[in-house]
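Commentary on secondary and tertiary structure
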Amino acid sequence: MTQKERRDLELAYKADEEIMEEMKQTRRLVREFNTADPCDFEKQTEIAGRLIPHADGPVALGQPFYCDYGTHIYVGKNFLANYNCTILDVGKVEIGDNVLFGPSVSVYTAGHPIHPETRNTGYEYGIPVKIGSNVWVGGNTVITPGVTIGDNVVIGAGSVVTKDIPSNVVAAGNPCRVIRRVTEEDRKYYYKKREFDIDVFQ
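Residues numbered from 1 in each chain as written. Predicted model: local features only at pLDDT ≥ 70, side-chain atom pairs only at ≥ 80, totals over all residues. Heavy atoms only, no water.

Below, the discussion takes up the overall build of the chain. Assigned secondary structure in the chain consists of four helices and 21 strands. Relative to a compact globule of 202 residues, whose C-alpha radius of gyration would be 17 Å, the chain shows 18 Å and is just as compact. Expressed along its principal axes, the backbone C-alpha trace of the chain runs to roughly 60 × 40 × 25 Å. When the 202 residues of the chain are sorted by exposure, 38% land in the buried category. Put simply, the chain shows about 11,500 Å² of open surface, and 53% of that area lies on carbon and sulfur atoms. Side-chain charges of the chain comprise 23 positive and 28 negative groups, with the mean position of each set lying 5 Å from the other. (Helix = DSSP H or I, 4+ residues; strand = E, 2+ residues; numbered from the N terminus. Rg over C-alpha atoms; globule rule 2.2 N^0.38 Å. Buried < 20%, exposed > 50% of the residue type's maximum accessible area, 1.4 Å probe, protein only. Areas by Shrake-Rupley, 256 points an atom, 1.4 Å probe, with all protein chains shown as cover. Lys, Arg positive; Asp, Glu negative; His and termini not counted. Charge placed at Lys NZ, Arg CZ, Asp CG, Glu CD.)

With that settled, the discussion passes to the sheet that holds strand β1 (residues 54-55). With parallel pairing, five strands are arranged side by side in an open sheet as β1-β4-β7-β12-β15. Each end of this open sheet is capped by a strand with a single partner; those strands are β1 and β15 (148-149). Note: strand β12 (residues 129-131) against β15, two bridges, orientation parallel. Each bridged residue has a counterpart across the sheet, and for K130 the counterpart in β15 is T148. (Pairing = 2+ DSSP bridges.)

We now examine the pattern of salt bridges. What the rule picks out here adds up to ten salt bridges. A salt bridge links D56 to K77, with the nearest nitrogen and oxygen atoms 3.0 Å apart. Of this pair, D56 sits in the loop between β1 and β2 (59-61) while K77 sits in the loop between β4 (73-75) and β5 (79-81), and the two are 21 residues apart along the sequence. On the basis of relative accessibility, which here comes to 41%, the residue D56 falls in the partly exposed class. Judged by relative accessible area, which is 41%, K77 ranks as partly exposed. (Salt bridge = Lys/Arg side-chain N within 4 Å of Asp/Glu carboxyl O.)

All we've got here are geometric facts, nothing functional implied.
Laid out in structure tokens, this is it:
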């Protein structure tokens, strides 16, 4: 079994020449994206489409953006990642429709063994992360390997998500935990208790 096959089966693997070549190709695309004219949105969208080919429509990424492979990221419709997003997609990252990332959100599928002797062997791993639809992830949030976040979730800024988060909740903190449910009452507010003064659902 090759190291690449081990990686893709979620087994411990070492980054050999084949894997490093794959990462080099991605780094060239990342550099091309991050050095593109920040006002040329058409060019940015075109490069983002090559960087993240498994997307259900155009991908909106703020510069800079970083990832390991790009080909392990699967996104639905209307995905937007604000400035300075990092996705370590050693394992598969699945993102649903209408997902928003605030600035400096990091998604980590990659990791290393806890014990120093095994960690020093150079073996690492990638465990998938899944994010549902209609999710807003606040700025400076870190999502760790193996986490699943349900649909219609808000993750508060600065959170560290180490365990699964169910659908239809607001969650925040380090470690991230459920604070409350999302309810029908939330529909009429745009910020805390500030109500919409227009009909946004026409």
